[in-house]
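One letter stands for each residue in the lines below.
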Amino acid sequence: MFRDHTFWMLIAVSFSPALSAPLPAAAPLHQQIDALIEAHPSFDASAADAADDATFLRRVYLDLAGCIPTAQQVREFLKDPSPDKRTHTIDALLASPQHATRMQYVLDELLMERRSGKHVAADQWRTFLRQSVLDNKPWDVLVREILSADGSQPETRPAAKFLLARELHRDEVTRDLGRIFLGRDLQCAQCHDHPTVDDYLQRHYFGLTAFITRSYLFKDPKTGITSIGEKAEGDVEFTSVFTSETAGTAPRMLDLPPLADPPAEKELYKVKRAKNVRGVPIYSRRLQLAEAMTDDANRAFRLNIANRMWAVMMGQGLVEPLDMMHEQNPPTHPQVLDLLAASLLEHGYDLRYLLRELALTQTYQRSSQARNAADHDDHPYSVARLKPLSPEQLAWSMMRATGIIDDEPVEDSSAAGPADAAIQKHVETFAKMFSTGGQSTRFDAAAEQALFLRNGNLIHSWLTAKDGLVTSLQPLDDAQLAEELYLQVFSRMPTEQETRRVADFLQSTSDRPLAIQQLTWAALVSTEFRFNH
(Lines give C-alpha, C1' and ligand atoms only; values in the text may rest on other atoms or scores of the structure.)
Protein backbone atom coordinates (compact mmCIF):
# COMPACT_ATOMS: atom_id res chain seq x y z
CA MET A 1 0.00 0.00 0.00
CA PHE A 2 2.15 2.85 -1.30
CA ARG A 3 -0.18 5.54 0.02
CA ASP A 4 0.44 5.31 3.77
CA HIS A 5 3.93 4.05 3.49
CA THR A 6 5.70 6.92 1.75
CA PHE A 7 3.55 9.75 3.07
CA TRP A 8 4.11 8.96 6.74
CA MET A 9 7.71 7.98 6.23
CA LEU A 10 8.36 11.39 4.71
CA ILE A 11 6.75 13.14 7.64
CA ALA A 12 9.11 11.26 9.92
CA VAL A 13 12.04 12.23 7.73
CA SER A 14 11.04 15.86 7.70
CA PHE A 15 11.16 16.03 11.47
CA SER A 16 14.33 14.00 11.84
CA PRO A 17 17.53 15.67 12.72
CA ALA A 18 18.51 15.86 9.17
CA LEU A 19 -7.19 -14.67 -27.09
CA SER A 20 -10.70 -15.09 -28.12
CA ALA A 21 -13.01 -13.70 -30.80
CA PRO A 22 -13.63 -9.96 -30.54
CA LEU A 23 -17.07 -8.48 -30.20
CA PRO A 24 -19.00 -7.78 -33.37
CA ALA A 25 -17.55 -4.94 -35.37
CA ALA A 26 -20.53 -2.78 -34.44
CA ALA A 27 -19.47 -2.74 -30.79
CA PRO A 28 -17.76 0.46 -29.64
CA LEU A 29 -14.00 0.36 -29.81
CA HIS A 30 -13.57 0.42 -26.03
CA GLN A 31 -15.69 -2.72 -25.67
CA GLN A 32 -13.70 -4.49 -28.37
CA ILE A 33 -10.45 -3.56 -26.60
CA ASP A 34 -11.66 -4.92 -23.28
CA ALA A 35 -12.87 -8.14 -24.89
CA LEU A 36 -9.39 -8.74 -26.33
CA ILE A 37 -7.52 -7.79 -23.17
CA GLU A 38 -9.75 -10.01 -21.02
CA ALA A 39 -9.84 -12.92 -23.43
CA HIS A 40 -7.68 -15.32 -21.44
CA PRO A 41 -9.81 -17.76 -19.39
CA SER A 42 -7.96 -16.95 -16.16
CA PHE A 43 -7.89 -13.18 -16.62
CA ASP A 44 -10.92 -12.47 -14.42
CA ALA A 45 -9.38 -14.30 -11.51
CA SER A 46 -6.45 -11.89 -11.40
CA ALA A 47 -8.13 -8.70 -12.58
CA ALA A 48 -8.24 -5.85 -10.12
CA ASP A 49 -11.55 -4.22 -9.32
CA ALA A 50 -12.59 -1.00 -11.01
CA ALA A 51 -10.85 2.04 -9.60
CA ASP A 52 -12.96 3.98 -7.12
CA ASP A 53 -14.40 7.32 -8.21
CA ALA A 54 -11.73 9.47 -6.60
CA THR A 55 -8.90 7.46 -8.16
CA PHE A 56 -10.58 7.50 -11.56
CA LEU A 57 -11.12 11.27 -11.40
CA ARG A 58 -7.50 12.03 -10.50
CA ARG A 59 -6.22 9.64 -13.17
CA VAL A 60 -8.33 10.98 -16.01
CA TYR A 61 -7.67 14.61 -15.09
CA LEU A 62 -3.93 13.98 -15.19
CA ASP A 63 -4.05 12.03 -18.45
CA LEU A 64 -6.43 14.25 -20.40
CA ALA A 65 -5.98 17.68 -18.77
CA GLY A 66 -2.45 17.36 -17.35
CA CYS A 67 -3.31 18.40 -13.80
CA ILE A 68 -5.06 17.05 -10.70
CA PRO A 69 -8.66 18.17 -10.13
CA THR A 70 -9.51 20.82 -7.58
CA ALA A 71 -10.86 19.83 -4.19
CA GLN A 72 -14.27 21.19 -5.20
CA GLN A 73 -14.29 19.13 -8.40
CA VAL A 74 -13.53 16.02 -6.35
CA ARG A 75 -16.35 16.77 -3.89
CA GLU A 76 -18.86 17.34 -6.70
CA PHE A 77 -17.84 14.17 -8.53
CA LEU A 78 -18.06 12.02 -5.41
CA LYS A 79 -21.55 13.36 -4.65
CA ASP A 80 -22.80 12.94 -8.23
CA PRO A 81 -25.05 9.83 -8.33
CA SER A 82 -25.44 9.70 -12.12
CA PRO A 83 -24.29 6.40 -13.67
CA ASP A 84 -22.64 8.06 -16.67
CA LYS A 85 -20.65 10.69 -14.80
CA ARG A 86 -17.34 9.14 -15.86
CA THR A 87 -18.25 9.40 -19.54
CA HIS A 88 -19.39 12.99 -19.09
CA THR A 89 -16.13 13.85 -17.34
CA ILE A 90 -14.04 12.30 -20.12
CA ASP A 91 -15.96 14.26 -22.76
CA ALA A 92 -15.70 17.52 -20.81
CA LEU A 93 -11.97 17.15 -20.36
CA LEU A 94 -11.37 16.34 -24.03
CA ALA A 95 -13.27 19.50 -24.98
CA SER A 96 -11.38 21.71 -22.52
CA PRO A 97 -8.49 24.07 -23.31
CA GLN A 98 -6.51 22.22 -20.66
CA HIS A 99 -6.58 19.16 -22.93
CA ALA A 100 -4.97 21.20 -25.70
CA THR A 101 -2.17 22.20 -23.35
CA ARG A 102 -1.74 18.62 -22.14
CA MET A 103 -1.46 17.26 -25.70
CA GLN A 104 0.81 20.13 -26.69
CA TYR A 105 3.27 18.86 -24.08
CA VAL A 106 2.78 15.22 -25.15
CA LEU A 107 3.36 15.97 -28.83
CA ASP A 108 6.27 18.28 -28.15
CA GLU A 109 8.00 15.57 -26.13
CA LEU A 110 7.23 12.97 -28.78
CA LEU A 111 8.39 15.06 -31.75
CA MET A 112 11.17 17.24 -30.37
CA GLU A 113 12.37 15.11 -27.47
CA ARG A 114 13.09 18.19 -25.34
CA ARG A 115 15.34 19.82 -27.98
CA SER A 116 15.56 23.55 -27.57
CA GLY A 117 16.84 23.91 -31.13
CA LYS A 118 16.99 27.15 -33.01
CA HIS A 119 15.61 28.78 -36.14
CA VAL A 120 12.01 28.49 -34.85
CA ALA A 121 11.19 29.91 -31.41
CA ALA A 122 9.80 27.47 -28.87
CA ASP A 123 6.70 29.58 -28.23
CA GLN A 124 5.83 29.59 -31.95
CA TRP A 125 6.18 25.80 -32.08
CA ARG A 126 4.07 25.35 -28.94
CA THR A 127 1.39 27.65 -30.29
CA PHE A 128 1.32 25.66 -33.53
CA LEU A 129 0.93 22.39 -31.65
CA ARG A 130 -1.71 23.75 -29.27
CA GLN A 131 -3.79 25.23 -32.07
CA SER A 132 -3.55 21.92 -33.92
CA VAL A 133 -5.02 20.14 -30.89
CA LEU A 134 -7.71 22.79 -30.43
CA ASP A 135 -8.67 22.23 -34.07
CA ASN A 136 -8.53 18.46 -33.50
CA LYS A 137 -6.22 18.23 -36.48
CA PRO A 138 -5.82 14.60 -37.58
CA TRP A 139 -2.43 13.06 -36.88
CA ASP A 140 -1.67 12.38 -40.55
CA VAL A 141 -2.47 15.99 -41.46
CA LEU A 142 -0.25 17.30 -38.67
CA VAL A 143 2.63 15.06 -39.78
CA ARG A 144 2.25 16.13 -43.41
CA GLU A 145 2.46 19.76 -42.34
CA ILE A 146 5.56 19.07 -40.25
CA LEU A 147 7.43 17.12 -42.93
CA SER A 148 6.50 19.33 -45.87
CA ALA A 149 7.12 22.78 -44.36
CA ASP A 150 10.36 24.34 -45.60
CA GLY A 151 10.35 27.36 -43.29
CA SER A 152 10.21 29.89 -46.11
CA GLN A 153 6.66 31.09 -45.40
CA PRO A 154 5.78 32.78 -42.08
CA GLU A 155 2.42 31.00 -41.79
CA THR A 156 3.96 27.51 -42.05
CA ARG A 157 7.37 28.21 -40.56
CA PRO A 158 6.58 26.87 -37.04
CA ALA A 159 5.83 23.44 -38.54
CA ALA A 160 9.35 23.34 -40.00
CA LYS A 161 10.89 23.18 -36.52
CA PHE A 162 11.13 19.38 -36.64
CA LEU A 163 13.62 19.51 -39.53
CA LEU A 164 15.24 22.88 -38.82
CA ALA A 165 16.00 22.11 -35.17
CA ARG A 166 17.87 19.02 -36.34
CA GLU A 167 19.83 21.24 -38.75
CA LEU A 168 18.65 18.83 -41.43
CA HIS A 169 21.54 16.54 -40.48
CA ARG A 170 20.98 13.53 -42.68
CA ASP A 171 21.64 10.79 -40.17
CA GLU A 172 19.87 12.51 -37.27
CA VAL A 173 16.76 13.14 -39.35
CA THR A 174 16.79 9.62 -40.82
CA ARG A 175 17.02 8.01 -37.40
CA ASP A 176 14.28 10.21 -35.95
CA LEU A 177 11.94 9.58 -38.88
CA GLY A 178 12.27 5.87 -38.17
CA ARG A 179 11.93 6.12 -34.40
CA ILE A 180 9.29 8.81 -34.02
CA PHE A 181 6.98 8.08 -36.96
CA LEU A 182 7.55 4.38 -37.66
CA GLY A 183 8.50 2.98 -34.22
CA ARG A 184 11.79 1.62 -35.54
CA ASP A 185 15.22 2.63 -34.34
CA LEU A 186 17.20 1.96 -37.52
CA GLN A 187 20.46 3.45 -36.31
CA CYS A 188 22.32 0.14 -36.44
CA ALA A 189 21.15 -0.33 -40.03
CA GLN A 190 23.14 2.71 -41.12
CA CYS A 191 26.31 0.67 -41.67
CA HIS A 192 24.84 -2.78 -42.30
CA ASP A 193 21.69 -4.82 -41.89
CA HIS A 194 20.86 -4.85 -38.18
CA PRO A 195 22.96 -7.58 -36.52
CA THR A 196 20.21 -8.74 -34.15
CA VAL A 197 16.93 -7.51 -35.64
CA ASP A 198 16.21 -9.46 -38.80
CA ASP A 199 13.73 -7.01 -40.31
CA TYR A 200 15.80 -3.80 -39.87
CA LEU A 201 17.67 -3.59 -43.18
CA GLN A 202 20.19 -1.12 -44.51
CA ARG A 203 17.92 -0.34 -47.45
CA HIS A 204 15.23 0.73 -44.98
CA TYR A 205 17.58 3.27 -43.43
CA PHE A 206 18.75 4.67 -46.74
CA GLY A 207 15.27 4.52 -48.21
CA LEU A 208 14.35 7.20 -45.64
CA THR A 209 17.60 9.05 -46.24
CA ALA A 210 16.81 9.24 -49.96
CA PHE A 211 13.81 11.47 -49.22
CA ILE A 212 15.97 14.19 -47.67
CA THR A 213 19.40 13.77 -49.19
CA ARG A 214 18.77 16.47 -51.78
CA SER A 215 17.61 18.99 -49.17
CA TYR A 216 19.89 21.49 -47.45
CA LEU A 217 19.71 24.49 -45.14
CA PHE A 218 19.69 27.86 -46.83
CA LYS A 219 20.35 31.13 -45.01
CA ASP A 220 18.91 34.16 -46.72
CA PRO A 221 21.70 36.76 -46.89
CA LYS A 222 19.22 39.63 -46.64
CA THR A 223 16.99 38.46 -43.79
CA GLY A 224 19.31 36.03 -42.02
CA ILE A 225 16.43 33.54 -41.92
CA THR A 226 17.28 29.89 -42.42
CA SER A 227 14.95 27.71 -44.47
CA ILE A 228 15.15 24.50 -46.50
CA GLY A 229 16.31 24.44 -50.10
CA GLU A 230 16.47 21.43 -52.35
CA LYS A 231 18.38 20.18 -55.34
CA ALA A 232 16.73 18.40 -58.24
CA GLU A 233 19.32 15.67 -58.43
CA GLY A 234 21.24 13.33 -56.15
CA ASP A 235 20.89 9.65 -55.30
CA VAL A 236 21.78 7.47 -52.38
CA GLU A 237 24.29 4.65 -52.36
CA PHE A 238 25.36 2.60 -49.37
CA THR A 239 27.97 -0.04 -48.60
CA SER A 240 27.71 -2.71 -45.94
CA VAL A 241 30.70 -2.73 -43.61
CA PHE A 242 30.10 -6.47 -43.18
CA THR A 243 29.94 -7.59 -46.81
CA SER A 244 31.44 -4.57 -48.63
CA GLU A 245 28.55 -4.81 -51.06
CA THR A 246 27.31 -1.53 -52.47
CA ALA A 247 23.73 -0.80 -53.45
CA GLY A 248 21.45 2.11 -54.07
CA THR A 249 17.83 2.86 -53.35
CA ALA A 250 15.18 5.32 -54.32
CA PRO A 251 13.06 6.83 -51.53
CA ARG A 252 10.99 4.15 -49.79
CA MET A 253 9.08 3.36 -46.62
CA LEU A 254 10.60 0.17 -45.22
CA ASP A 255 9.51 -2.68 -47.50
CA LEU A 256 6.99 -0.70 -49.51
CA PRO A 257 7.91 -0.23 -53.18
CA PRO A 258 10.54 2.45 -53.84
CA LEU A 259 9.31 5.70 -55.36
CA ALA A 260 10.89 6.35 -58.72
CA ASP A 261 11.46 9.92 -59.81
CA PRO A 262 9.26 11.04 -62.72
CA PRO A 263 10.92 11.25 -66.13
CA ALA A 264 13.32 14.14 -66.16
CA GLU A 265 12.04 17.26 -67.85
CA LYS A 266 14.12 19.83 -69.62
CA GLU A 267 13.60 22.28 -66.81
CA LEU A 268 14.23 20.86 -63.34
CA TYR A 269 13.62 23.90 -61.16
CA LYS A 270 10.91 26.32 -60.19
CA VAL A 271 13.75 28.37 -58.74
CA LYS A 272 17.22 27.26 -59.74
CA ARG A 273 19.75 26.97 -56.96
CA ALA A 274 22.51 29.58 -57.10
CA LYS A 275 24.64 31.60 -54.75
CA ASN A 276 22.28 33.35 -52.35
CA VAL A 277 19.27 31.77 -54.08
CA ARG A 278 17.27 28.97 -52.44
CA GLY A 279 16.69 26.10 -54.84
CA VAL A 280 13.13 24.90 -55.40
CA PRO A 281 12.86 21.89 -57.73
CA ILE A 282 9.79 21.06 -59.78
CA TYR A 283 9.82 17.56 -58.33
CA SER A 284 10.61 17.47 -54.62
CA ARG A 285 11.63 14.23 -52.98
CA ARG A 286 11.17 15.85 -49.56
CA LEU A 287 7.51 16.57 -50.30
CA GLN A 288 7.12 12.92 -51.27
CA LEU A 289 8.28 12.08 -47.74
CA ALA A 290 5.21 13.68 -46.21
CA GLU A 291 2.89 11.82 -48.59
CA ALA A 292 4.63 8.45 -48.35
CA MET A 293 4.84 8.59 -44.56
CA THR A 294 1.11 9.16 -44.14
CA ASP A 295 -0.07 7.03 -47.03
CA ASP A 296 -2.63 4.37 -46.10
CA ALA A 297 -0.23 1.74 -47.43
CA ASN A 298 2.25 2.62 -44.68
CA ARG A 299 0.84 0.48 -41.90
CA ALA A 300 3.86 1.09 -39.67
CA PHE A 301 2.84 4.77 -39.39
CA ARG A 302 -0.50 4.05 -37.76
CA LEU A 303 0.77 1.13 -35.65
CA ASN A 304 3.38 3.46 -34.19
CA ILE A 305 1.04 6.27 -33.15
CA ALA A 306 -1.54 3.79 -31.85
CA ASN A 307 1.16 2.21 -29.67
CA ARG A 308 2.34 5.61 -28.43
CA MET A 309 -1.16 6.83 -27.51
CA TRP A 310 -1.80 3.54 -25.73
CA ALA A 311 1.39 4.18 -23.73
CA VAL A 312 0.21 7.69 -22.82
CA MET A 313 -2.98 6.30 -21.29
CA MET A 314 -1.91 2.88 -19.98
CA GLY A 315 1.64 3.67 -18.88
CA GLN A 316 3.38 1.27 -21.23
CA GLY A 317 3.24 0.43 -24.89
CA LEU A 318 1.81 -2.73 -26.33
CA VAL A 319 5.30 -2.82 -27.83
CA GLU A 320 8.21 -1.86 -25.61
CA PRO A 321 10.52 -0.06 -26.12
CA LEU A 322 8.29 2.23 -28.13
CA ASP A 323 10.81 2.53 -30.96
CA MET A 324 11.66 -1.15 -31.28
CA MET A 325 8.75 -2.57 -33.25
CA HIS A 326 9.86 -5.67 -35.13
CA GLU A 327 8.93 -9.32 -35.56
CA GLN A 328 11.21 -10.50 -32.78
CA ASN A 329 9.64 -8.04 -30.35
CA PRO A 330 5.91 -8.54 -30.91
CA PRO A 331 3.12 -6.65 -29.11
CA THR A 332 1.82 -8.15 -25.88
CA HIS A 333 -1.62 -8.00 -27.55
CA PRO A 334 -1.19 -7.95 -31.35
CA GLN A 335 -4.93 -8.00 -31.99
CA VAL A 336 -5.41 -4.91 -29.82
CA LEU A 337 -2.67 -3.00 -31.64
CA ASP A 338 -4.09 -4.00 -35.02
CA LEU A 339 -7.55 -2.93 -33.86
CA LEU A 340 -6.33 0.47 -32.65
CA ALA A 341 -4.43 1.11 -35.88
CA ALA A 342 -7.35 0.07 -38.07
CA SER A 343 -9.74 2.20 -36.06
CA LEU A 344 -7.45 5.21 -36.36
CA LEU A 345 -7.42 4.81 -40.13
CA GLU A 346 -11.19 4.39 -40.20
CA HIS A 347 -11.68 7.55 -38.13
CA GLY A 348 -9.26 9.70 -40.09
CA TYR A 349 -6.41 9.61 -37.57
CA ASP A 350 -8.56 11.35 -34.95
CA LEU A 351 -6.42 11.16 -31.80
CA ARG A 352 -9.15 12.69 -29.63
CA TYR A 353 -11.47 9.85 -30.63
CA LEU A 354 -8.80 7.30 -29.78
CA LEU A 355 -8.03 8.83 -26.38
CA ARG A 356 -11.75 8.89 -25.53
CA GLU A 357 -12.17 5.23 -26.38
CA LEU A 358 -9.09 4.29 -24.37
CA ALA A 359 -10.34 6.26 -21.35
CA LEU A 360 -13.70 4.47 -21.55
CA THR A 361 -12.19 0.99 -21.34
CA GLN A 362 -12.38 -1.11 -18.22
CA THR A 363 -8.70 -1.70 -18.86
CA TYR A 364 -8.00 1.99 -18.24
CA GLN A 365 -10.42 2.30 -15.34
CA ARG A 366 -9.10 -0.71 -13.45
CA SER A 367 -7.56 -0.20 -9.99
CA SER A 368 -3.81 -0.15 -9.53
CA GLN A 369 -4.26 -2.19 -6.36
CA ALA A 370 -3.88 -5.90 -7.14
CA ARG A 371 -6.02 -8.43 -5.29
CA ASN A 372 -2.77 -10.10 -4.37
CA ALA A 373 0.76 -9.14 -5.22
CA ALA A 374 1.48 -11.86 -7.79
CA ASP A 375 -1.71 -11.71 -9.85
CA HIS A 376 -0.89 -8.99 -12.33
CA ASP A 377 2.37 -10.62 -13.42
CA ASP A 378 0.43 -13.24 -15.36
CA HIS A 379 -1.82 -10.92 -17.34
CA PRO A 380 -0.71 -7.48 -18.49
CA TYR A 381 -3.36 -4.85 -17.81
CA SER A 382 -5.16 -6.92 -15.18
CA VAL A 383 -3.99 -4.19 -12.80
CA ALA A 384 -3.54 -0.54 -13.73
CA ARG A 385 0.06 0.49 -14.08
CA LEU A 386 1.56 3.28 -11.97
CA LYS A 387 2.62 6.16 -14.21
CA PRO A 388 5.15 8.76 -13.08
CA LEU A 389 3.90 12.28 -13.61
CA SER A 390 5.57 14.09 -16.49
CA PRO A 391 7.45 17.26 -15.53
CA GLU A 392 4.53 19.35 -16.73
CA GLN A 393 1.92 17.25 -14.91
CA LEU A 394 3.98 17.50 -11.73
CA ALA A 395 4.44 21.27 -12.00
CA TRP A 396 0.77 22.02 -12.72
CA SER A 397 -0.43 19.62 -10.03
CA MET A 398 1.87 21.00 -7.36
CA MET A 399 0.78 24.53 -8.20
CA ARG A 400 -2.85 23.48 -7.97
CA ALA A 401 -2.39 21.57 -4.73
CA THR A 402 -0.56 24.42 -3.02
CA GLY A 403 -3.02 27.03 -4.22
CA ILE A 404 -0.54 28.85 -6.48
CA ILE A 405 -3.01 28.66 -9.34
CA ASP A 406 -6.68 29.34 -8.86
CA ASP A 407 -9.35 26.69 -8.74
CA GLU A 408 -10.88 28.23 -11.84
CA PRO A 409 -9.23 27.34 -15.14
CA VAL A 410 -6.24 29.57 -15.79
CA GLU A 411 -6.20 28.87 -19.49
CA ASP A 412 -8.29 30.08 -22.34
CA SER A 413 -8.97 28.58 -25.70
CA SER A 414 -6.48 30.73 -27.56
CA ALA A 415 -3.64 29.05 -29.37
CA ALA A 416 -1.06 30.76 -27.19
CA GLY A 417 -2.41 29.13 -24.04
CA PRO A 418 -1.60 30.32 -20.52
CA ALA A 419 -0.66 33.98 -20.53
CA ASP A 420 0.87 34.03 -17.06
CA ALA A 421 4.62 34.19 -17.63
CA ALA A 422 5.40 33.20 -14.04
CA ILE A 423 3.40 29.99 -14.38
CA GLN A 424 5.08 29.16 -17.67
CA LYS A 425 8.47 29.75 -16.05
CA HIS A 426 7.60 27.37 -13.21
CA VAL A 427 6.60 24.68 -15.72
CA GLU A 428 9.86 25.14 -17.62
CA THR A 429 11.82 24.83 -14.37
CA PHE A 430 10.21 21.45 -13.72
CA ALA A 431 10.81 20.39 -17.35
CA LYS A 432 14.53 21.08 -17.00
CA MET A 433 14.73 19.25 -13.68
CA PHE A 434 12.60 16.18 -14.41
CA SER A 435 12.74 15.66 -18.18
CA THR A 436 14.25 12.48 -19.59
CA GLY A 437 14.27 13.20 -23.33
CA GLY A 438 11.62 11.81 -25.62
CA GLN A 439 8.49 9.82 -24.86
CA SER A 440 9.40 7.03 -22.48
CA THR A 441 7.61 4.77 -20.03
CA ARG A 442 10.66 4.36 -17.79
CA PHE A 443 11.06 6.06 -14.44
CA ASP A 444 14.45 6.99 -13.04
CA ALA A 445 14.67 9.28 -10.05
CA ALA A 446 17.81 11.36 -9.61
CA ALA A 447 19.40 12.76 -6.47
CA GLU A 448 19.16 16.32 -7.77
CA GLN A 449 15.42 15.87 -8.21
CA ALA A 450 15.08 14.76 -4.60
CA LEU A 451 17.12 17.74 -3.47
CA PHE A 452 14.97 20.06 -5.58
CA LEU A 453 11.84 18.77 -3.89
CA ARG A 454 13.31 18.71 -0.42
CA ASN A 455 15.33 21.91 -0.29
CA GLY A 456 14.39 23.91 -3.37
CA ASN A 457 13.38 27.52 -2.94
CA LEU A 458 10.50 27.17 -5.38
CA ILE A 459 8.69 24.49 -3.39
CA HIS A 460 9.40 26.35 -0.17
CA SER A 461 7.90 29.54 -1.61
CA TRP A 462 4.72 27.65 -2.54
CA LEU A 463 4.44 26.23 0.97
CA THR A 464 4.78 29.67 2.53
CA ALA A 465 2.64 31.60 0.05
CA LYS A 466 0.37 34.12 1.71
CA ASP A 467 -2.78 32.83 0.00
CA GLY A 468 -1.62 29.24 -0.41
CA LEU A 469 -2.87 25.92 0.92
CA VAL A 470 -0.79 25.93 4.10
CA THR A 471 -2.17 29.29 5.13
CA SER A 472 -5.74 28.17 4.43
CA LEU A 473 -5.27 25.08 6.63
CA GLN A 474 -4.14 26.99 9.70
CA PRO A 475 -7.58 27.92 11.14
CA LEU A 476 -9.11 24.46 10.62
CA ASP A 477 -9.55 21.88 13.34
CA ASP A 478 -7.71 18.59 12.95
CA ALA A 479 -10.48 16.69 11.17
CA GLN A 480 -11.27 19.56 8.82
CA LEU A 481 -7.58 20.00 8.10
CA ALA A 482 -7.10 16.33 7.26
CA GLU A 483 -10.04 16.36 4.86
CA GLU A 484 -8.96 19.53 3.10
CA LEU A 485 -5.32 18.44 2.84
CA TYR A 486 -6.21 15.05 1.35
CA LEU A 487 -8.73 16.49 -1.10
CA GLN A 488 -6.40 19.26 -2.20
CA VAL A 489 -3.27 17.12 -2.58
CA PHE A 490 -4.40 13.51 -3.06
CA SER A 491 -7.80 14.25 -4.65
CA ARG A 492 -9.59 11.90 -2.24
CA MET A 493 -11.09 11.81 1.22
CA PRO A 494 -8.83 10.59 4.04
CA THR A 495 -9.65 7.31 5.73
CA GLU A 496 -10.56 7.34 9.40
CA GLN A 497 -7.11 6.02 10.24
CA GLU A 498 -5.44 8.77 8.22
CA THR A 499 -7.56 11.42 9.93
CA ARG A 500 -6.53 10.08 13.31
CA ARG A 501 -2.86 10.03 12.32
CA VAL A 502 -3.01 13.62 11.15
CA ALA A 503 -4.61 14.61 14.45
CA ASP A 504 -2.10 12.61 16.49
CA PHE A 505 0.75 14.18 14.61
CA LEU A 506 -0.49 17.74 15.02
CA GLN A 507 -1.09 17.21 18.71
CA SER A 508 2.39 15.79 19.18
CA THR A 509 4.13 19.05 18.37
CA SER A 510 4.12 22.49 19.95
CA ASP A 511 4.74 24.22 16.62
CA ARG A 512 1.43 23.67 14.80
CA PRO A 513 2.10 26.06 11.86
CA LEU A 514 5.38 24.32 11.11
CA ALA A 515 3.74 20.91 11.51
CA ILE A 516 1.08 21.83 8.93
CA GLN A 517 3.75 22.99 6.53
CA GLN A 518 5.67 19.75 6.99
CA LEU A 519 2.52 17.68 6.52
CA THR A 520 1.81 19.43 3.24
CA TRP A 521 5.37 19.05 2.03
CA ALA A 522 5.41 15.35 2.84
CA ALA A 523 2.17 14.86 0.96
CA LEU A 524 3.50 16.68 -2.11
CA VAL A 525 6.68 14.61 -2.36
CA SER A 526 5.05 11.28 -1.52
CA THR A 527 4.81 8.40 -3.98
CA GLU A 528 1.04 8.76 -4.05
CA PHE A 529 1.37 12.29 -5.40
CA ARG A 530 4.39 11.61 -7.66
CA PHE A 531 2.57 8.87 -9.61
CA ASN A 532 -0.68 8.67 -11.50
CA HIS A 533 -2.28 5.60 -10.03
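Everything numeric in this text was worked out from a predicted model, so none of it was measured. (Residues numbered from 1 in each chain as written. Predicted model: local features only at pLDDT ≥ 70, side-chain atom pairs only at ≥ 80, totals over all residues. Heavy atoms only, no water.)

Let's talk about helix 12 (residues 202-212)
For helix 12, a buried count of 10 out of 11 residues is recorded, marking the element as mostly surrounded by other parts of the structure. Among the residues of helix 12, Q202, H204, Y205, F206, G207, L208, T209, A210, F211 and I212 are the ones counted as buried. (Buried < 20%, exposed > 50% of the residue type's maximum accessible area, 1.4 Å probe, protein only. Helix = DSSP H or I, 4+ residues; strand = E, 2+ residues; numbered from the N terminus.)

Here we look at the environment of A342
Residue position: A342 is located in helix 15 (residues 334-346). Taking the C-alpha atoms as reference, A342 lies 55 Å from A515; in sequence the two are 173 residues apart.

What about the side chain of S491?
Within the secondary structure layout, S491 lies in the loop between helix 23 (478-490) and helix 24 (496-507). Once residues within four sequence positions are removed from consideration, S491 is found in contact with A54, R58, I68, P69, V74 and Y486. (Contact = heavy atoms within 4.5 Å.)

A few points about unusual backbone geometry
Cis geometry is found at the peptide bond from E320 to P321, where omega equals -10°. In this structure, H119 takes a positive phi of about 80° despite not being glycine. What makes H119 partly exposed here is its relative accessible area of 25%.

Considerations on the packing of aromatic side chains
Scanning the entire structure with this criterion turns up 14 aromatic pairs. Judged by centre distance (5.3 Å) and plane angle (90°), the ring pair of W310 and Y381 falls under edge-to-face. With a gap of 71 residues between them, W310 in helix 14 (residues 299-314) and Y381 in the loop between helix 17 (362-365) and strand 7 (387-388) connect regions that are remote in the sequence. The pair formed by W310 and Y381 is uniform in burial state, with each residue classed as buried. Seen in terms of ring centroids, F430 and F452 are 5.3 Å apart; in terms of plane orientation they differ by 85°. Their pairing is edge-to-face. In this pair, F430 sits in helix 19 (residues 421-434) while F452 sits in helix 20 (residues 447-455), placing the two residues 22 residues apart along the sequence. (Phe/Tyr/Trp six-rings, centres within 6.5 Å; stacked < 30°, edge-to-face > 60°.)

A short note on the pattern of salt bridges
Applying the stated criterion across every chain, the model contains 33 salt bridges. The residue R144 makes a salt bridge to D140 at a minimum N-O spacing of 3.6 Å. One end of the pair, R144, and the other, D140, are both in helix 9 (residues 139-148), 4 residues apart, so they sit about a helical turn from each other. Look at R144 and you get partly exposed, because its relative accessible area is 24%. What makes D140 buried here is its relative accessible area of 12%. Salt-bridge contacts for D338 lead to R299; the nearest nitrogen and oxygen are separated by 2.6 Å. Taken together, the residues span a long stretch of sequence, with D338 in helix 15 and R299 in helix 14 at a distance of 39 residues. (Salt bridge = Lys/Arg side-chain N within 4 Å of Asp/Glu carboxyl O.)

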